[in-house]
Amino acid sequence: MTDTAGAGALPAEGMPAPRVLDEIRALRAGDRPTHGGRLFAYVYDPGVAGLDELAQAAYAESAHVNGLDPTAFPSLLAMENALVAAAARLLGGGPGTDAPDVVGSVTGGGTESLLLAVKAARDARPDLAEPRIVVPASAHAAFAKAAHYLRVALDTVPVDPVTLRPAGADVAAAIRPETVLVVASAPSYAHGVVDPVAEIAAVAAEAGVRCHVDACFGGWALPWLRRLGAPVPPFDFAVPGVTSISVDLHKYAYAPKGVSVLLHRDAALRSPQYFAYADWPGYTMVNPVIASTRSGGPIAAAYATLRHLGEDGYLRLAASTRDAVAGLADAVRATDGLRLMAEPESTVVCFTAEDPTLDLFLLVDELTARGWHTQPQLRYADLPASVHLTVTAAVAPRVAEFGPALADAVAAARAAGPVALPPDLLALAGGLTPEALTPELVAGLAEGLGLGGGAGAPDRMAVVNTLLDAAPAPVRERLLAEFVGLLQRPAW
Ligand SMILES: Cc1ncc(COP(=O)(O)O)c(C=O)c1O
């Protein structure tokens, strides 16, 4: 007989609340720091005192409210509609604009918004057996995921290695009779550059195809930066031909995770986004988004965040972020051997090494060792490996410390590097095929690289990144998927 006495999260006897919270806090101690302005990915921190507490209280008020049925919980509907109105207004829609009929939905995140933009475009064309979408190579990976999930073909347009933007003419050339959606980013995540949205939307409109602007990352930052005087090119509903826009509130609106807004220029464009099903004995299911049951917590927390910060708050935060970006970019410019991938035009600082004696992956490790958490980006097509910094308002007070830390880390990386993998391992990585990567091989590789401990990634990742950098994309994908699979094991 199986013994059902507790395992993992479920103890045989329930524990007192304080002990449970102590456990979680002890676990959290191993995480990267979500506050303090030294983490340049994953977390968006405004550094506003009291905001966390407000968002948590709002979350708690609505955590058990179910977004499944807006008629049962009108509070949630009211907050969703208010979030959509705020996002639409910020992005050139609403009464008195060129997009007066804009509508939208609150989703659980950027990836969900993009999946739904692709689904809406696909399902608007049921006549097409093999629908396709056109995306710049710099578009977020979530479009590839959407294409994969929804069985839509992905046509990728290269970006210029200098401007890091696609050319409108190349987008036009990629549009085929089966194309249901054309994508532009405002800005791209990797480099923070804004695509030529007006040009791309024009070629899409000319072909009678929808155009989605992925402003998941920057949609809540660019409008404030523009109001502060930055030369932000048109990217929102003011641009003719833009049919939908996504903007994540859990990024630069500084709401806790789990909220994005997907806007459509009108309700007819949104209609095929919905899923409704009545052909079963239960309730008729009507889902505007992917999840059916969903918590009101993230929506209430986002609502509270917007109400509390207000336009004046976001403008102040954007000014701090802009200043932090300028300071970080100056630090990069002042460092021998580093080069900005692009002049910052939003909230990203991205740099590469132009000196082979300076190993970027070692530099990332050295920065980590000094408490600065940056994000390495592997080489892609004709773009070199780079280091990505997502800059938020909380970084501003730390900027003066970054330059010396960077100089110090560069010196240490130069002294230690570059990483030299055994040539046969490099050749193996370059020549591997995904099929050759059996779970056993990956487990052995992970063990050999110090990734087998089961406690996440080690602090020093340069060797692993060098290996991944040498591998073609399908091998990187397979290696990392297998590796994450190794991490996701039941904690008996
Ligand atoms: C431009 C862009 N689109 C989409 C996404 C996906 O968002 P999420 O991670 O919330 O699913 C991101 C995330 O960084 C992004 O930067």
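Residues numbered from 1 in each chain as written. Predicted model: local features only at pLDDT ≥ 70, side-chain atom pairs only at ≥ 80, totals over all residues. Heavy atoms only, no water.

Right, let's get into the overall build of the protein. Broken down by element type, the protein carries 16 helices and 13 strands. A compact globule built from 492 residues would reach a C-alpha radius of gyration of about 23 Å, and the protein, at 23 Å, matches this within 12%. Reported as C-alpha extents along the three principal axes, the dimensions of the protein are approximately 65 × 60 × 50 Å. A buried classification covers 48% of the 492 residues belonging to the protein. Pairs at least 24 residues apart make up 73% of the contacts formed inside the protein by residues separated by at least 6 positions. Carbon and sulfur atoms make up 59% of the accessible area of the protein, which amounts to about 22700 Å² in all. Within the protein, one finds 35 positive and 52 negative side-chain charges whose respective centroids are separated by 2 Å. (Helix = DSSP H or I, 4+ residues; strand = E, 2+ residues; numbered from the N terminus. Rg over C-alpha atoms; globule rule 2.2 N^0.38 Å. Buried < 20%, exposed > 50% of the residue type's maximum accessible area, 1.4 Å probe, protein only. Contact = heavy atoms within 4.5 Å. Areas by Shrake-Rupley, 256 points an atom, 1.4 Å probe, with all protein chains shown as cover. Lys, Arg positive; Asp, Glu negative; His and termini not counted. Charge placed at Lys NZ, Arg CZ, Asp CG, Glu CD.)

This brings us to the sheet that holds strand β6 (residues 244-248). The mixed open sheet is built from 7 strands, whose spatial order is β1-β7-β6-β5-β4-β2-β3. Each edge of the open sheet is held by one strand with a lone partner, namely β1 (103-107) and β3 (153-157). Direction aside, the axes of adjacent strands within the sheet are offset by 20 degrees on average. Sheet topology places strand β4 (residues 179-185) next to strand β5 (residues 210-214); 5 bridges connect them, and they run parallel. Its bridge partner being in β5, L181 is matched across the sheet by R210. (Pairing = 2+ DSSP bridges. Axes fitted to C-alpha atoms, helices over the stretch in contact; angles between N-to-C directions.)

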